[in-house]
Every structure is written in C-alpha cells, then in structure tokens.
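If you want the building blocks of each chain, they are given just below.
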2 protein chains.
Amino acid sequence: MEVKARAPGKIILSGEHAVVHGSTAVAASVDLYTSVSVRLPSSSDKDDTVKLQLKDLALEFSWPISRIKEALGEYVGPVSTPASCSAECLKSIASLVEDQNIPEAKIGLASGVSAFLWLYSSIRGFVPGNVVISSELPLGSGLGSSAAFCVAVSAALLPLSGSVNVDREHRGWKVYEQDELELLNKWAFEGEKIIHGKPSGIDNTVSTYGSMIKFRSGSLTLIKSNMPLKMLITNTKVGRNTKALVAGVSERTIRHPDAMSSVFNAVDSISKELSILIQSPVHDDLSLIEKEEKLAELMEMNQGLLQCMGVSHASIETVLRTTLKYKLVSKLTGAGGGGCVLTLLPNLLSGTVVDNVIAELESCGFECFIAGIGGKGVEILFGDSS
Amino acid sequence: MEVKARAPGKIILSGEHAVVHGSTAVAASVDLYTSVSVRLPSSSDKDDTVKLQLKDLALEFSWPISRIKEALGEYVGPVSTPASCSAECLKSIASLVEDQNIPEAKIGLASGVSAFLWLYSSIRGFVPGNVVISSELPLGSGLGSSAAFCVAVSAALLPLSGSVNVDREHRGWKVYEQDELELLNKWAFEGEKIIHGKPSGIDNTVSTYGSMIKFRSGSLTLIKSNMPLKMLITNTKVGRNTKALVAGVSERTIRHPDAMSSVFNAVDSISKELSILIQSPVHDDLSLIEKEEKLAELMEMNQGLLQCMGVSHASIETVLRTTLKYKLVSKLTGAGGGGCVLTLLPNLLSGTVVDNVIAELESCGFECFIAGIGGKGVEILFGDSS
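Keep in mind it's a predicted model, so treat the numbers as computed, not measured.

(A) Structural view of the UniProt feature "domain: GHMP kinase C-terminal" (unreviewed entry) in chain A. Sequence positions flagged by UniProt for "domain: GHMP kinase C-terminal" (unreviewed entry) are, in local numbering, residues 293–346 of chain A. With 54% helix and 17% strand, residues 293–346 of chain A has end C-alpha atoms that lie 9 Å from one another.

(B) Representation of the domain arrangement of chain A in the model. All names here are of chain A. Examined at the domain level, chain A breaks down into domain 1 (2–223) and domain 2 (229–373). One C-alpha centre belongs to domain 1, the other to domain 2, and the line joining them spans 28 Å. With 29 residues of domain 1 at the interface, the matching set in domain 2 holds 37 residues. Where domain 1 abuts domain 2, roughly 2,500 Å² becomes buried across the two surfaces, and 65% of that area is made up of carbon and sulfur atoms. Counting the surface domain 1 buries against domain 2, the share from its top three residues, L13, H17 and H21, is 25%. Linking domain 1 with domain 2 are 2 salt bridges, by the criterion used here. A salt bridge links D268 to R216, with the shortest nitrogen-to-oxygen separation between them at 3.6 Å. At the boundary of domain 1 with domain 2, the tally comes to 13 residue pairs in polar contact (both at pLDDT 80 or more).

(C) Layout of the relation of the copies chain A and chain B. Note on the identical chains: chain A maps onto chain B by a rotation of 180° and an axial translation of 0.0 Å, with an RMSD of 0.0 Å. Each copy turns onto its partner about a two-fold axis. For chain A, the residue whose C-alpha comes nearest the rotation axis is A:G304, separated from it by 2.2 Å. The overlap is high: 100% of the interface residues of chain A also sit at the interface in chain B, so the same surface is used on both sides.

(D) Inspection of the interface of chain A and chain B at higher detail. Facing the 28 residues of chain A at the interface are 28 residues of chain B. Summing the contributions of chain A and of chain B, the shared interface buries around 2,400 Å²; its carbon and sulfur component is 59%. Sorting the residues of chain A by area buried against chain B places A:H256, A:M301 and A:R321 first, and these three jointly supply 25% of that buried surface. One can count 6 salt bridges joining chain A with chain B. With a shortest N-O distance of 3.0 Å, A:R252 and B:E297 are connected by a salt bridge. Counting every contact that joins chain A to chain B gives 12 residue pairs in polar contact (both at pLDDT 80 or more). Elements represented by at least two residues in the side of chain A that touches chain B include exactly α7 (242–255), α8 (257–279), α9 (285–309) and α10 (314–325) of chain A.

Cut-off values and rules
Numbers given for residues are sequential positions, taken from 1 along each chain in its written order. Here chains are named by letter from A upward and ligands by number from 1 upward, in the order in which they appear as written. Restriction of local features to residues with pLDDT of at least 70 applies here, the model being predicted, together with a cutoff of 80 or more for giving and counting side-chain atom pairs; totals for whole chains, interfaces and linings are based on all residues. Side-chain measures were taken over the full set of non-hydrogen atoms in the model, leaving aside hydrogen atoms and water. UniProt positions are given in the numbering used here, feature names are shortened, and annotations may be inferred rather than shown by experiment. Strands here are runs of E lasting at least two residues and helices are runs of H or I lasting at least four, both read from the DSSP assignment and numbered beginning at the N terminus. Domain start and stop points were drawn from an automatic or database domain assignment. For this analysis, residues touch if any pair of their heavy atoms sits within 4.5 Å. Note: buried area is the sum, over both parts, of the accessible area (probe 1.4 Å) each one loses when the two are combined. By definition here, a salt bridge exists when the distance from a side-chain nitrogen of Lys or Arg to a carboxyl oxygen of Asp or Glu is within 4 Å. Any pair of N or O atoms that falls within 3.5 Å is considered a polar contact. Within protein, one atom must be able to donate a hydrogen and the other to accept it, and sequence-neighbouring residues count only if both atoms are side-chain atoms. We place the copies in one frame by least squares, fitting the C-alpha atoms of every residue whose pLDDT is at least 70 in both.

So, in structure tokens, the structure goes:
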C-alpha cells in the first residue's frame, strides 16, 4: 500500500524582520506543495532497507534497517510524545548521512536527510519503507520548503504508526484530521529544529494548518482568510544570508533607535490592519476590489519600510520596477536581500497582463510561480501501490 | 553701471511630505545658481522702458515706464516694508503681462514675470532698467528655481534702492550684508507668494541665507553644516503634480492613521539625527567617511519611508537602481512622483565612478548635475556695464 501527503509552502504577507523587534507579522500558506509518497514493501519483498528518493534532485539514498536501528535505537521514544533529537543522537544520524556520500555541491541537503531519518525512525520505527519526495517549492528561498518537507514526511508516516485516526476509505486528497494536527505539527517542528537550529515554528504551523497565522513575540494565532487571494511569486534566485540580514537590521536599530522603533511600530500597525482586512467578509466584486486595493497599499507600505530597514536588493528592485509598469504592487517576502518577491494579482486582472509580466520577469532570469494564498494545510491520500 | 546677483537653489535633504504632518525637515542650498544682471541706462540713453530678458528661454519682454506706473502706481509702498501684492494689484500686473504675448507653451512663466514686475516696481520704483536673467536650475523640478529667481532679482535691485548698505568697492562676488538679509528675504517671499500662492518660505530662506535650514510646523532654524557635502542631482524630467502628491499622502494617512503616524515619527527622528550629524565637526578623513556612511543610511531610510508614503515613481526607482549598482545611495528630493533624485557622492569617490554613473543615468534620458550642498547664500557683484 501507499500513503501520500502533500504540504504547502508559506509566504510572509507582512512583518518580516520587524517581528524580531516585537512587531506583529502575518504568514500564509501557498498552494505550492512538497509531496511525499511512502510505500510499504509487500510481504513477499525481501528488501530490508529504508529508501529515500529526492526526485527533483535525482538523488537516492538507502540504509539497511539494522544500520539505522544500531545508530538510533537508544534515542527513539514513543510516537505520541514528539521528542527532540539530542546532540548525541544528531552525531549518530550524521554517521548515517555520511554513509551516503552526498555530492559536495548538495551538501546543504544533509540536514534535511538527517531530519528525515529522525522523523522516520521516531514515527515509523525500524521497519523498511520506500519514501519518494518531490516539491514545487524552490529550496532555500524563503517559501518554507524545509517545513513543508517535514510536515509532509510526518503526515505520510503518522497514519502508518497507528497513533492517529485516519479514514482510509476516503478517495482523493483529504485534509488531515483536525484532532491530529497538533501531534503532526510538533513532529514537523522537531524536524525543522534539525534543519534550522532555532526555527520560529511559523513555517511548519502554516504548512500544517494552512490559511494564515498572525504571530508576535512567539505567540501564534490562526486566522481565517475570507478573501480569494492570488500572488505572483518571483524567485530572484539571489542567495541570501538570512542571519546577516537579521543582524544588519539589529545594527541599524542600535545606530538609529528612535527612527527604527517608529518603523517597527508602523509595521505592527500594517500587520494588524492586514489581518483584519483579510478576515472581513467579501460581499461582492466591488468590495473585493476595494479590499485588494487596500491590501496592495499595505504591501507597498510594508515594502517601503523594509527598504528603510535596508534589506532590499537590486534584484528585488528590478521585480518592483517591472511589476510597477503593469500597475501591480510587490513586496519582498521573508529575509530579503534577494529571495522571493510577492506581487498581488487582483482577481479581475486579465491573464494577458499576467503572461506579459511573467515573460518580462523570466527574461531577467527570475523564476515565477502563480499561487493561491491562504488555502488548505497538509493533506493525505491513500492508495494501492502499483 | 551694472549690479549682478546670484542666488542658489535648494534641495530637501530629509522630511519632505512628512513635514506637512508635523515632522521635522531639513533643506540645504545647492551651488547651482540663478543669476540676475541689472543695468541702468546711461544718462545719454533715451530708452524709457523696463526690459526683462530670460536668457535660457530666449525670451524678452519690455514695458514703457509710463505703462507700469499707470498700472501699479497706487499699490507700491516703501522699500523698507515689504508688502504683499493685493488681489487687485495682481489684476493690474496681469494686464501688463498680457501685453507681452507670452507663447502658449511657456504660459507657466506668467507668474514669474508677475513676481518680477512687483519686485522691480516695489524695490526699484518706476525707472528704466535692463534686467537679464539666466539659471543653472531646471525649472519646476523642486530645486527652488522660482525662489532663487525672486532672491536674485531682489538682491540685485535692493542696492539700487538706497535702502541697504553695500560696499561697492569690493571686487568679485561677495556675500550679501548680514544685516540686510532679512529685508531681502521678505521681498523674495513676496515674489514667491505671487508665483506659488502659499509658499512655505523655506526655498527663499535657503536661497537667501545659504547653508541649511531645519523646519517644523512653520518654524525655521538656520543650521551650519560642518561637512563638505557633494550630491549628484538627477532630474528625471518627469513632471509632477505636487498638490496631488501631497493630497495622496493625506488620503493614505486617513486610511491608515496608525501606520502613517509612526512613519511620520520615523521621518522626524531621521531629520533630527541628520541635522545633528551635519553640524558636528569633522576631525579627519576617517570621521568624514563615518559621517558619510551614516548620512547615506539616513537617506536610504528616508527614501524607504517616502516609498511607504506612495510618492515614489518608476523614474525615481530607475535612478535608485542605477546608483545602487555603484553602491551609491539615493533618495528623491521634494514632492516625488518624478522630479529630482539626490545621490550622495562621498568625498573620496573616484571621478571615474561618477562619470560612469552620470553616463548611465543620462542614457536613460535623465539630466545630471553635480552640486556642493550647504554653501553660501545669495551673493552680489558690482561692475561697470560695458
């Protein structure tokens, strides 16, 4: 048999960077997915390994079950209480990862493979299985690809652990059981910790629950979007150093405390306004257009404030300038300094305009995605493996 | 004999737009001048007219003294008490301007010609004279060309009125007598009122006194720059509607009062910090570089906040992006929506870089000026007319 799961990526709608200094931020799911398929070996199958296949990267890893059990046996606890991978356990995992000779150019994947091994052993135990992963999310560009990976892996494995209730008779993709989301989210967070050290927990929570999340000073509130929302996401493909960008904002805050504190207050007001706007009901096309205009204005304002913090980049400015020609408003999303840029696509915007914008952006070497914002969280699908 | 005067233009270093909402702003003189030459007819001369020649525009106007006296005789008061041109008087002036058949395409000059007639009659009286005006300042692009015009005209005429003390023996350009600046500035302001309706008084004050001015809620403070400062001024040549831009910021403030009030507070902090920075002494190259970096950062922050207010423009973004390639920081100056952009030119920057930036900007159809910032105010020169 086969279990599939798909988990969405995330964007930051407002408040990135300022959230580090106490402002409210809003994150939302995007309907670009990381998909995981777990196939159990049939009883006749003699294969006694765990296989991990990263389809987009054309990489495949496998470990004998005995090898994994030897390395991690003493660290793995019960599925019902998600546990952190200790420093010692991480060392053991590292030795498993080293077995695989990951190509030097892709060594950044090692932490993802480690997270996989921890989640697989903890949730599924020391039994063979074949896991195939593919993703529509660009890696390391701020769209929450690692969280979607951890959520999707956890979501596909949990139904096989016997610890969660699942309706296996359902045909087609189904939303994960509400009751089980908390456990799933906790496991995904443990995976994220292996990849990121100290993740905020926002990415995995958005990927798990979908919709939107308002967060401030570490407390997260799920909010329900009442607005059909579509964005063009442009990946500038310019790599960023998130830590350096965050440090840059902090240093600027030390140099100009009064000005920056007002800037963070402005961002806080924008995030609060945006979250109210998104939750308020849409009555008709006219009220939708009005809401879109207000949202565009809030995005433009937030972008100006991010420029004020010094986290923009020439590539981001190019996207802004290009979309502005089509009267479309954009803002960077995430850390800035490259990475991804959001462009609001009003619901009544003509497809031709969208095509032209995309053609122009792609001619600059950027990669474009059209994504629905604030949709479903993680989903699963049961099928026969064939 | 001949009297020449030259009056500098101005830039807004920080705080444009926000100043309307109570924030501090800083303006500075730029060493781009409007020059006026007044020649008195020799006693043998039979010419009984006032001539005004606008050299850059290849326009010349003239009025018989009798015609001017007939129109304005009853309105003109003493030189020592600068008086506003009343609505009735303005009508009389309008009839004088109509005599001249200003070309339709240059009808915007009519208010400047009106201001000239008021200043000439009020300061010089109803006597013949030949006034030639030329300017390095682009018209109507926010560099204070109209104020420089009023200041230079008043400065050249006042020594001929007998109401101010002047050392006519001085050779070369000399700064205007300190004691007389107030009277001069008041007259220039009366001219500005004819051109702009309700001017802030900042442009004429900067052009008169030079250096820099900090202003907030209508109160102006002269500040002394202790920093050699050079800017590249790029005229995007995109015409703006200042009133519409100011109204746009006000409307945005009504829609997002909390966020915008924080934005204005941030601008206020930036202007205050900038004015302290500029006044503090420079000890050596190192401290100059440090100050320049801080100033660049404040300019970048202010630009982000202006973008947040919605007064940027594609042409401005092009300048920002172009200068950013050379690691130079820019901000719009004045109303935005086109107009002029400032780029800080660090004192140790190589001339080759400057040449390349200018070449690239001019290839976009922009016009570039290099200007010293915060220099002298209005100056005069006495000479024999020959």
